[in-house]
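Residue-level structural notes
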Amino acid sequence: MTSLFDPLTIGDIQLKNRIVMAPLTRNRSPGAVPNTLNAAYYEQRASAGLIITEGTPITQQGQGYADVPGLYTPEALAGWKQVTDGVHRAGGKIVVQMWHVGRVSHDSLQPNGGKPVAPSAVTAKSKTYLVNADGSGAFAETSEPRALERDELAGIVEDYRHAARAAIDAGFDGIEIHAANGYLIDQFLRGGSNKRTDDYGGSIENRARFLFEVVDAIVAEIGAGRTAIRISPVTPANDAFDANPQPLFTHVVEGLARHALAYIHVIEGATGGARDHQQGDTPFDYAALRAAYAAAGGKAAWMVNNGYNRELAIEAVEDGKADLVAFGKLFISNPDLVERLKNDTVMNAPDVGTFYGGGAKGYTDYPALENVA
Ligand SMILES: C=C(C(=O)O)c1ccccc1
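Since the model is a prediction, treat every value here as computed from it, not as a measurement. (Residues numbered from 1 in each chain as written. Predicted model: local features only at pLDDT ≥ 70, side-chain atom pairs only at ≥ 80, totals over all residues. Heavy atoms only, no water.)

Another aspect to go through is the overall build of the chain. Helix and strand counts for the chain come out as ten helices and 14 strands. Based on the C-alpha atoms only, the size of the chain along its principal axes is roughly 60 × 55 × 35 Å. Of the contacts formed within the chain by residues at least 6 apart in sequence, a portion of 73% connects residues at least 24 apart. Surface summary for the chain: the accessible area is close to 13800 Å², and the carbon and sulfur share equals 52%. The centroid of the 33 positive side-chain charges in the chain is displaced by 1 Å from the centroid of its 44 negative side-chain charges. (Helix = DSSP H or I, 4+ residues; strand = E, 2+ residues; numbered from the N terminus. Contact = heavy atoms within 4.5 Å. Areas by Shrake-Rupley, 256 points an atom, 1.4 Å probe, with all protein chains shown as cover. Lys, Arg positive; Asp, Glu negative; His and termini not counted. Charge placed at Lys NZ, Arg CZ, Asp CG, Glu CD.)

Next up, the structure:
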């Protein structure tokens, strides 16, 4: 029987276990440049089978929150090289989550203070995180976006391709395309945010077109075995909504089956919330989604996330419902989570007040077991 603690090869990447550090925004990279504190934080967690970095914007246009690390300047790429070197020295594997926030942004973060971009000029009922002149951080209403012109889309696909190449050159073992949580790619997918009347809007096929163009470009650049994707079929995060998610995401995974990707990462339910959250008339059927992916020839590892504890995670892998389980908050407060799960030991409780912004407090100062008196 397969165990959560067994090794696994996903695409071109060999993992020592099936426990994944989920992408976690922490807003601790001023100037969008990863720093030595970030490197220490990730290195502390290198016992994970796989680390997925926090969301990392591919361009300034794709930046929606203050002090998140980018993937688009030489300084940031040098900073990421520090991170990947440290994780590899500690025996870990790490992929970067490539992020374009679309409408979930603020004019003050955009090039020349312009409007954020989106499939349509529909403002997200959401907030983003800004850092004030005095260094204090605060959440602010997202700005009204402008609709992307059709002839701008190829340029953004090129930005994803270019960033994927830069990520591999910075030492990452692969990349995860952020297609979840109401950000740009998800905005194209969902009917609530995509009101386009061209061939990128309307039908499910049209709304998924941009996603597949991004996936195809990245696979062509770095190979399918280093490419993965995160989706969130029913999350309401960042005002994401679609009235009929099952056929929409069935079409998405059937299209993804064309490539031998490393993994498919699925957020079950509302991100950070109820696992049984529902959008549309019927509960979402995750088993049917995976079955549709397999029926279309998909062979990538299946990663699940949201609200998993030790028991649920062990059961999901043993029952064959998942190949990998991603943990978020538990990895924030337990750098040695793998050991704690393996030995079923006590866990450090996460300090919600230090999730976003700040320094070492609530970031690199959580004790590992050997440091617990
Ligand atoms: C990248 C994020 C996501 O995927 O939801 C995020 C951004 C800000 C705060 C929490 C999470």
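That was the structure; now back to the text.
Turning to the packing of helix α3 (residues 153-169) against helix α5 (residues 204-222), a few remarks are in order. How two helices pack is summed up by the angle between their axes together with the distance between the axes. For the pair α3 and α5, the least separation of the axes is 9 Å and the interaxial angle reads 35°. Where α3 crosses over α5, the handedness of that crossing is right-handed. Across the interface between the two elements, Leu153, Ile156, Val157, Tyr160, Arg161, Ala164, Arg165 and Ile168 from α3 touch Phe210, Glu213, Val214, Ala217, Ile218, Glu221 and Ile222 from α5. Along the lines of polarity and charge, the residues of the contact of α3 with α5 split into eleven nonpolar, no polar and four charged. (Axes fitted to C-alpha atoms, helices over the stretch in contact; angles between N-to-C directions. Left-handed = near helix turned anticlockwise from the far one by under 90°. Nonpolar A, V, L, I, M, F, W, Y, C, P; charged D, E, K, R; others polar.)

The next point concerns the site of the ligand. Taken together, Thr25, Tyr65, Trp99, His178, Asn181, Tyr183 and Tyr356 form the complete shell of residues around the ligand. Within the side chain of His178, an N or O atom sits 2.8 Å from an oxygen atom of the ligand. Between the ligand and Asn181, the relevant distance is 2.8 Å, taken from an oxygen atom to a side-chain nitrogen or oxygen of the residue. Its free accessible area being 300 Å², the ligand has 81% of it covered by the protein chains. Taken together, the residues that form the shell around the ligand break down as four nonpolar, three polar and no charged. (Near = heavy atom within 4 Å. Polar contact = N/O pair within 3.5 Å; in protein donor to acceptor, adjacent residues only side chain to side chain.)

Let's shift gears to the nonpolar core. Residues Met98, Phe210, Leu211, Leu256 and Ile264 are the most contacted members of the largest nonpolar core, which totals 84 residues. Discounting residues that sit within four places of it in the chain, Phe210 has contacts with Leu153, Ile156, Val157, Tyr160, Leu184, Ile185, Phe188 and Tyr200. Core analysis: the second largest hydrophobic core is formed by 16 residues, Ile10, Ile52, Tyr263 and Ala326 among them. (Core = buried A, V, L, I, M, F, W, Y, C linked by side-chain atoms within 4.5 Å. Buried < 20%, exposed > 50% of the residue type's maximum accessible area, 1.4 Å probe, protein only.)

This paragraph deals with the UniProt feature "domain: NADH:flavin oxidoreductase/NADH oxidase N-terminal" (unreviewed entry) in the chain. Per the UniProt entry, the sites bearing "domain: NADH:flavin oxidoreductase/NADH oxidase N-terminal" (unreviewed entry) are residues 3-344 in this numbering. A distance of 14 Å separates the end C-alpha atoms of residues 3-344, which is 32% helix and 18% strand. (UniProt positions renumbered as here; feature names shortened; annotations may be inferred.)

Read around the closed barrel, eight strands run β3-β4-β5-β10-β11-β12-β13-β14, paired in parallel fashion. For this sheet, the mean inter-axis angle between neighbouring strands, taken without regard to orientation, is 25°. As defined by bridge partners, strand β11 (residues 227-231) adjoins strand β12 (residues 263-267) across four bridges and the pair is classed as parallel. Within the sheet, the bridge partner assigned to Ala228 lies in β12 and is Tyr263. Sitting on the sheet, helix α1 (residues 36-44) is in contact with β3 (19-21), β4 (50-57) and β5 (94-99), with an inclination near 150° to β4. In this fold α3 packs onto β5 and β10 (174-178), with an angle of close to 160° to the strand it touches most, β5. (Pairing = 2+ DSSP bridges.)

With that settled, the discussion passes to the pattern of salt bridges. Enumeration according to the criterion identifies 20 salt bridges in this entry. The partner of Glu268 in a salt bridge is Arg275, with the nearest N and O atoms 3.0 Å apart. Of the residues examined, Arg275 reaches a relative accessible area of 33% and is grouped as partly exposed. For Asp344, the salt bridge is made with Arg310, and the minimal N-O distance between the two is 3.9 Å. Remark: Arg310 occurs in helix α8 (residues 310-318) and Asp344 occurs in the segment after α10 (337-343); sequence separation between them is 34 residues. Judged by relative accessible area, which is 26%, Arg310 ranks as partly exposed. (Salt bridge = Lys/Arg side-chain N within 4 Å of Asp/Glu carboxyl O.)

Okay, unusual backbone geometry next. One non-glycine residue, Asn112, lies in the positive phi region at around 55°. Looking at the secondary structure, you find Asn112 in the loop between β5 and β6 (117-118). On the basis of relative accessible area, Asn112 is assigned to the exposed category, the value being 84%. Backbone geometry places Asp344, a non-glycine residue, at a positive phi of 50°. Owing to a relative accessible area of 52%, Asp344 belongs among the exposed residues under this scheme.

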